[in-house]
Each structure stands twice: as structure tokens, then as C-alpha cells.
Amino acid sequence: MRRGLHSKRRTFALPSGRTSAMLAAGALLGVAPGAMLFPATGFASTASLTFTGYGVGSGNGASQFGEAGYASRGQLTYAQILAHFYGGTSLTNISDRLITVWLTAGTGQPATVFDNQGLVVNNITIAANTPIRVTDANGQITVDEGVGGSGCTAPSSWSPLTTAAGSLTISPVSIQPLGSMVNESLNQALQWCKPGGSVEAVRGNLGVTANAQGQQVLTNELGLESYVRGVIGNEMPAVWGTLGSPGPQGQAWGFQALEAQAIEARSYALAVGNSYNFAQICDSDYCQVYAGFNSGQNSQSQALIDAAQTNTAGQILEQSSGAPAYTQYSASDGGYTAGGDFPAVPDPYDAGCYASICNPWDPWTQTVGLSTLQQAFSQLGTVQGLNILQRSGNGTDGGRVLSIQVVGSSGSSTVSGAEFASIMGLNSDWFSVSGPIAITNDGGGSSPTPPSSPSTSSGIIVASKDGGTAAEDGATNLGSTYTYGITGLSGTRPLNAPIVGVASTPGGKGYWLAAADGGVFDFGNAHFYGSTYTYGITGLSGTHPLNAPIVGIASTVDGKGYWLVAADGGVFDFGDATYQGSAYSKGFTGLTGPHPLAAPVVGIASTPHGNGYWLLESNGTVLSFGAARFYGEISQATGTKFVGIVSSPTGNGYVLLAADGATYGFGDAPSAGSVKVNQNAVAIIPAPNGIGYSIMLSNGQVIGFNGGPSSSALGSNTTGHGAPIVGGTAVS
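Source: prediction; values computed, not measured.

Visitor: Honestly, the nonpolar core in this entry has me stumped. Any pointers?
Guide: Nonpolar side chains tend toward joint burial in soluble globular proteins. By size, the foremost hydrophobic cluster in this structure holds 101 residues, and its most contacted members are Phe51, Ile170, Tyr227, Leu373, Phe420 and Phe431. Setting aside chain neighbours within four positions, we find Phe51 in contact with Trp364, Thr365, Gln366, Val368, Phe420, Met424, Leu426, Phe431, Ser432 and Val433. If you look at the next biggest cluster of nonpolar residues, it comprises 15 residues, including Val646, Val677, Tyr693 and Ile695.

In C-alpha cells form, the structure reads like this:
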């Protein structure tokens, strides 16, 4: 029995847009009348829930997007790729053997077949290109020969030919022996006239019998190696074999992904055993997609498919017990595999773009009517809330949902994340949800408690490029780089690199200044927890330089750590700040490489609970990590440069600031106000009350909104040293 999110395996969506449908999984768990209830919530019949998530399917085994990245960019061999995704298995060799595939489109209807060189049915030889029609009626099979027709062209009439009881086999006139069947030519193959008018050529034999429900079924018996050729290009775009620089076996590095796919297909077919009483495996994405000769592939793709099969012929993955490994795979795992049969592992290449096909499931958004949830859980009365109780802990938003509680007016029910995803028709069990009912997404089993707000005093510290600081609106200046004897950007003891960011401790009794070379300077009750030099990174030069300059700093919720972010999307964590990912985790190759960022990163904002953060690119693009969810972005719509981002008090939204003073709110963070300036806005500062914000201009003026402090312009000598202003922070 196949295991996973659904009773089938979700596969890659080909450029035509093919996706697989979802199946509802088993019965709901019973009502728990003593469980936590949310307040009653009314909603309109048209109300809906919005789900944001990652990956598609169960996430078990390999990600095909990840494999393409590990091959073409990471330059791993197929053996190394398989070892990463299928821990605890080993490669071994087997001989070719017969396998029977259920051709699902032929179920419940007569099958029309012909062969360019003729065929044999029930020991009767049929002339080349002459069609036969095979019909099963209650176990009695009749075969009719077409009269006045050729190939799939409808004949003028059908003439009775022969009958058989129970099952019947159709063979080419000259079938290849096992082991050589893979070399059978298209002209020698049986041709099946599929419903809808297309033709599928298959190696080996075709069989007709009935399933347990008495329906006619069509099967294809052929060699395992022939079968693998019919799977590879239908499960992974063959063009991926051309990606990357020259690699082993005279192919591009991307070819290693096709070879990994070949071994997965071969292993999976053997591991599923005898799935049906009439076939071992099916041809759809309920099993793995098989399409006979792949006659729709162009010559380059077919050559790559054939080479991937030939180069790996006989190789499978096996478990320590010696049994074939159950090599499930899906198009996308969301950046972390689910674990189960194999250890859960990170997959930073999953979010990449390959051969002009970008991963559409990182992230995905689906809107589902609240009525769907109400109908599925009608035994609970009126649905009032959703409470995600447990997550896997791996990846963005805390990872996959392991259990979720549905709360109604008369009780509650707890189901697995996989079952809930299947009920709601979601792409995967890795999701967060918003909507008009009470919802918790954190996986902690209860509603999150917002951290205490910082001091409500309205002071502002203004920082300049040379490390100077100025205190405004009642704040206390706790020091600048000059305090440490560092003489700005010149003098006898200059900074190695200009200051680029400032962040305060939660209570506003201290702050840090961050420099472009990764240096950090602490003042007041802000403690030094490290700099990029701590990691052996020698600033902007030296033997181990930064790939790109640091552009921002963000504090943790308790002020006992901080993150630095670089222009290329790299993130560095210090103290109790936990690393949740970087632009590289999303498959971006910094500011250069095969998949560069659209624009440099200019800022970072952490969630109120400190378990995630957002990165902002200068074009308005937002990247989310950890528990920080994606709520929207501008992404080049305005043609202006963006300079800052702040989180809402709940962490369920953020506000972006453009250099022209315009602000853009997303999630539960509506724009509270903007200023009209000529590319002079330099920073957006969260208000000390935790609700509003202030916009800082290049002349030192601060304009507050919804409780954010304000102060007048201070001119070019704001800090007493004449350097440009780079930012500010609210302090007490």
C-alpha cells in the first residue's frame, strides 16, 4: 500500500500545465467535547480561507526540482543525489525482468489496436496496419477485425475474428526477447488507439482482462528497462539533462538528474510489488507516469532519455534488508523533505528555476471556501476556529503541519496535517492559513502571545554613514563609533567600511551599529555577540571576503542576538538569533550566477517572536524565512527603489518603504501614511508603541504615523561629522 499525503504521488507539472487532482483521505477523527473552544464567529456563505504553503504532495523521498539543482548547479553525480534524498539505501544491480503496467485510460471500454508490421492475437496473425477491436463482456472476450480501415481510422465495419475467456494477449509479429526489448523500433511496436483520438505505441505485449469490479482493463507487459524508458521523460523534463556546464559521461551536469530519475523509476516499480491483481503498477501519477515509446518527445529529448536508461541499466536502490527501496518522489518538497521511509533532509535547490521552468510551489497560495471546511466537519456544529497543534520544525513557517484542531460550536476534532490537506484539496501539508475565523498557525498548541512592547517613550537615534549618532525627541545618545576612538571614514583611525544599519534592544536602552564589512558596534545595554569576522569572513577584502556588503541588522525579540543581512541575500546569525535561511536557500545565486536575485537586498525585518524574518530587495520583492510568512510584494511595479521594511505587531504583515516616501502595507499591516519626497527617504522605523512607524529622511527629519515619533530636519551635520544619514531606531 502506498503511503504519503494522498493515495497517489504528486508529480512535476509539465509546461502544458498538467497537474494531478487531490483525493480526500480517510474518515475524520472523533469529536473531542472537552477541547479548547474559540469564541463564536459568524461568517458569510461566500467567506473563504486563504492557505499559503510550500511543496506539492507528501514530500517523501526526492524533489525533482531539487535534483535538477543538485545536478546542474551543485554538480553532484546521480549516486550523490540519491544518497542525499534516500538515506540508508545503497545502489545495486539486477537483471531485466517483465513488468505489467495498467493502461488506465483503457478501463471500461473496448480497445482498438494495430501494428505497422502486423500482430498476433489468439494465435491468429493480422495484417500490417489492420485494426482489431477487443471487447470484454462478463469475462467473455471477443475480437473483431476492421474491414476497410487502416490504423486508427474507423473501418467501414467490424468482422468477428475470435473469442477467449478470462484474458487475452496481443503481440507484435516479431516481439523482441527480454533484455533486448528496449531496442524494439517504433515501427515494430503495437499501436493503441486511445480514447480521444491519440495513439500510444508500446513495447512488448498488450493484455485484456477484467478487474475486480468486472470492468475491462488494458495492460502492457514489457521488460523493466523498456518501462523505465517510458517513464523518465514523463516524470522529469528531458531538457533538464542539458542544464549546467559539461559534466561526466559526455553530458551536461543536469544529465545526472535524469539518471537519478531512471533509478528512482526502476526502484519504485519493483518496490510497489503487485499493486493490482492484474498488474504491478499503473501508468498515471497515482503510480508514476508511463507513456510507452514517448513518441511525443523530440529527437534530442529522446536521446537523453535513452542514454539515462542505458547508462544506469539494472541499477536500483535497495534497503539494508535487500528489498527494493520505496523511492517516492515529487516535483517539490518545499525546501525540506518530509522524512518517513528516509531521513528528513534540507533541499535548498528546490526553489530554483530550470530551463525556464520555475518552481510554482514555492510558495503556493490557494483559496478554499469556508463552506468546504464546514461540510467536512459538520459534526462539530458551526466551525469557529483552526488551531495548528504541531509542526515538523523543518523549514519555513515551522515546517509541515503534523496535527491540526478544527473547533466548532459543539466540539472539536484533531486530524493530521496530511488528512486536513487532502480534505481541503491543498497542494501539501506544509501550510499556514488566514480567514474570518479564529486561527493559530504557530504549531505550539495555543494562541501565540505577543511579546511585551518596548518603552513607550518616543526617542529616536539617528545614525550616519561615518558611525556618528544623534539623539532626538527625548532619547539619550549612548555613543557612536567615535566613542571607541574610531574616527569616522577618515582620520587617524578610520572605519574599515561605512555604517549601513542600526537596531535597538527591545527596551530601547541600547543599540547596535552595523558596518558594510560585517563589523558590529554595541552601545548601552546592547551586547556584542559577534560579527562576520567571528566566522572568519575578512570583511570586504582579505583572504575570505564577504560575497557582498552587509546592508542591514535586526535584533532578536529579547535583544540577546541579531542577524546581519548582505546585499546578495546572505544572512548571518549571532547570539540567540537562529538562522532560518537566506536567498541561497530559495535557489538564488546571490547577485550573479545562473539564478541571481532580481535586485540587491536592502533590508531585514524579524517577526515579533523572533522565529523568522523577511528580506527586502530594492525592487520591492520580499523573501520570507522561518515563521515569517509571505503576504505580498511590489516587485518592480513602481519603478522606484525600496529602502526599508518593518513588521506589524502580530507578525502577520509588514510595511515597505520606497525612497520616494511611499509606503505599502501587506497582511494586517495597512499603510498608515506616506510622505512625498524626491528619493530622500532612507529608513522606516517601528514606533516604540509597537503599532505605528516613522519615516526617516536623508536630512534627519522624522515623520511619525499612528504613534510613531517625529522630529524636525537636522541638516547635513546631524551627528556632528557631516556624513550622510543611513537610518535610525526608536529608543527610550
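There's plenty left to go through after this.
Visitor: I'm lost on the confidence of the model for the chain in this one. Help?
Guide: Interpretation of the predicted coordinates at a detailed level should be avoided for regions scoring low in pLDDT. Of all residues in the chain, 88% attain a pLDDT of 70 or more, and the chain-wide mean is 85. Contacts for the low-pLDDT stretch residues 446-457, under 50 throughout, to residues beyond four places or in other chains number 24 contacts. Confidence over residues 716-720 falls short of pLDDT 50; this stretch has 14 contacts with residues more than four positions distant or in other chains.

Visitor: Is there a simple way to explain the pattern of salt bridges in this structure?
Guide: In a structure, side chains of opposite charge can pair up when their charged atoms sit close to one another. Tallied over the full model, the rule gives 5 salt bridges. Asp306 is the partner of Arg229 in a salt bridge, and the nearest nitrogen-oxygen pair spans 3.6 Å. Here Arg229 is found in helix α3 (residues 224-235), whereas its partner Asp306 is found in helix α5 (residues 299-311), with 77 residues between them in sequence. Pair check on accessibility: Arg229 and Asp306 agree, each one buried.

Visitor: In this structure, what is going on with the side chain of Ser582? I would like to understand it.
Guide: Position of Ser582 relative to the elements: it lies in the loop between β34 (571-575) and β35 (601-606). For Ser582, a relative accessible area of 5% gives the class buried. Among the polar contacts made by the side chain of Ser582, one reaches the side chain of Tyr579 at a distance of 3.3 Å.

Visitor: Explain the packing of aromatic side chains to me, please; I cannot follow it from the model alone.
Guide: Within a pair of aromatic rings, the relevant descriptors are the distance that separates the centres and the angle that separates the planes. A complete count under the given rule lists 25 aromatic pairs for this structure. Centroid distance Trp102 to Tyr276: 5.1 Å. Interplanar angle 75°. Geometry classified as edge-to-face. Taken together, the residues Trp102 in strand β4 (residues 98-102) and Tyr276 in the loop between α4 (255-271) and β16 (281-282) connect sequence positions 174 residues apart. As far as burial versus exposure is concerned, Trp102 and Tyr276 are alike and both buried. Look at Trp614 and Tyr654: their rings are 5.2 Å apart centre to centre, the planes differ by 65°, and that puts the pair in the edge-to-face class. Pair noted here: Trp614 is in strand β36 (residues 612-617) and Tyr654 is in strand β39 (residues 653-658), with a separation of 40 residues, a long-range link. Across the pair, Tyr654 and Trp614 agree in class, each one buried. In textbook terms, an aromatic cluster arises when at least three aromatic residues are bridged by ring pairs, as seen for Trp512, Tyr529, Tyr562 and Phe574. In this structure, Arg203 packs its charged tip against the face of Phe293, placed 3.9 Å from the ring centre.

Visitor: So what exactly am I meant to see when it comes to the sheet that holds strand β7 (residues 124-126) here?
Guide: Taken in spatial order, the 7 strands make up an open sheet running β7-β6-β11-β14-β15-β4-β16, and their pairing is mixed. Each edge of the open sheet carries a strand with a single partner, namely β7 and β16. Taken together, the 3 bridges between strand β11 (residues 168-172) and strand β14 (residues 205-210) define a ladder with antiparallel strand orientation. Looking at β14, one finds that Ile170 is bridged to Leu206. Sitting on the sheet, α3 touches β4, β15 (216-223) and β16, and the angle it makes with β15 is about 110°.

Visitor: Looking at this structure, how should I read the state of the cysteines?
Guide: Here, disulfide denotes a covalent bond that connects the sulfur atoms of two cysteines. Taken as a whole and assessed by the stated rule, the structure comprises 3 disulfides. Here Cys152 pairs with Cys193 through a disulfide, and the sulfurs are 2.0 Å apart. Between Cys152 and Cys193, the S-S torsion sits near -95°, and that sign places the bridge as left-handed. You can see Cys152 sitting in the loop between β9 (140-147) and β10 (157-165) and its partner Cys193 sitting in strand β12 (residues 190-193), a full 41 residues away along the chain.

Visitor: Sorry if this is basic, but what is going on with unusual backbone geometry here?
Guide: Along the chain, Asp362 connects to Pro363 via a cis peptide bond; the corresponding omega equals -5°. You can see Pro363 is positioned in the loop between β20 (357-358) and β21 (364-369). Even without being glycine, Asp397 reaches a positive phi, approximately 60°. Inspection of the secondary structure assignment puts Asp397 in the loop between β22 (383-391) and β23 (401-408).

Visitor: How do you make sense of the pairing of β36 when you look at a structure like this?
Guide: Across a regular strand the side chains alternate sides, sitting on one face of the sheet and then on the other. In terms of residue burial, β36 counts as a mostly covered element, since 6 of its 6 residues are buried. Of the two faces of β36, both are covered, the one formed by Gly612, Trp614 and Leu616 as well as the one formed by Tyr613, Leu615 and Glu617. Pairing of β35 with β36, which is carried by 5 bridges, proceeds in the antiparallel orientation. Residue pairing across strands places Gly603 opposite Leu616, the latter belonging to β36. Two strands pair when backbone bridges link them, and β36 and strand β37 (residues 622-626) are joined in this way by 5 bridges, in the antiparallel orientation. Within β37, the position partnered with Leu616 by the bridge is Val622. Between β36 and β37, which pair antiparallel and follow one another directly, the connecting turn spans 4 residues, one of which, Gly620, has a positive phi of 95°.

About the criteria used
Every chain begins its residue count from 1, and numbering advances along the sequence as written. In keeping with the predicted nature of the model, local features appear solely for residues at pLDDT of at least 70, side-chain atom pairs appear and are counted solely at 80 or more, and the whole-chain, interface and lining totals rest on all residues. The basis for every side-chain value is the complete set of heavy atoms in the structure, and neither hydrogens nor water enter the calculation. Residues belong to one nonpolar core when they are buried, are Ala, Val, Leu, Ile, Met, Phe, Trp, Tyr or Cys, and are joined through side-chain atoms within 4.5 Å. Think of it in three bands: residues with accessible area under 20% of the maximum for their type are buried, residues over 50% are exposed, and the middle band is partly exposed, with areas taken using a 1.4 Å probe on protein chains only. Any two residues whose heavy atoms approach within 4.5 Å at even a single point are treated as in contact. The pLDDT value expresses, per residue, how confident the predictor is, ranging between 0 and 100. Criterion for a salt bridge: a side-chain nitrogen of Lys or Arg within 4 Å of a carboxyl oxygen of Asp or Glu. Secondary structure elements are taken from DSSP: a helix is a run of H or I of four residues or more, a strand is a run of E of two residues or more, and numbering for both begins at the N terminus. Whenever a nitrogen or oxygen atom comes within 3.5 Å of another N or O atom, the pair is scored as a polar contact, on the condition that within protein one atom can donate a hydrogen and the other can accept it, and that pairs from neighbouring residues in sequence are kept only if both atoms are in side chains. Ring pairs are drawn from Phe, Tyr and Trp, using the six-membered ring of Trp, whenever the two centres fall within 6.5 Å, and their geometry is named by plane angle: stacked under 30 degrees, edge-to-face over 60, tilted for the rest. Only Lys NZ and Arg CZ are tested; either one counts as a charge over a ring when it is within 6 Å of the ring centre and within 35 degrees of the ring normal. If DSSP finds at least two bridges between two strands, the strands pair. For every element, the axis is a line fit to its C-alpha atoms; helices are fit only across the contacting stretch, and the angle between N-to-C directions ranges from 0 to 180 degrees. For the purposes of this analysis, a disulfide is any pair of cysteine sulfur atoms at a distance within 2.5 Å.

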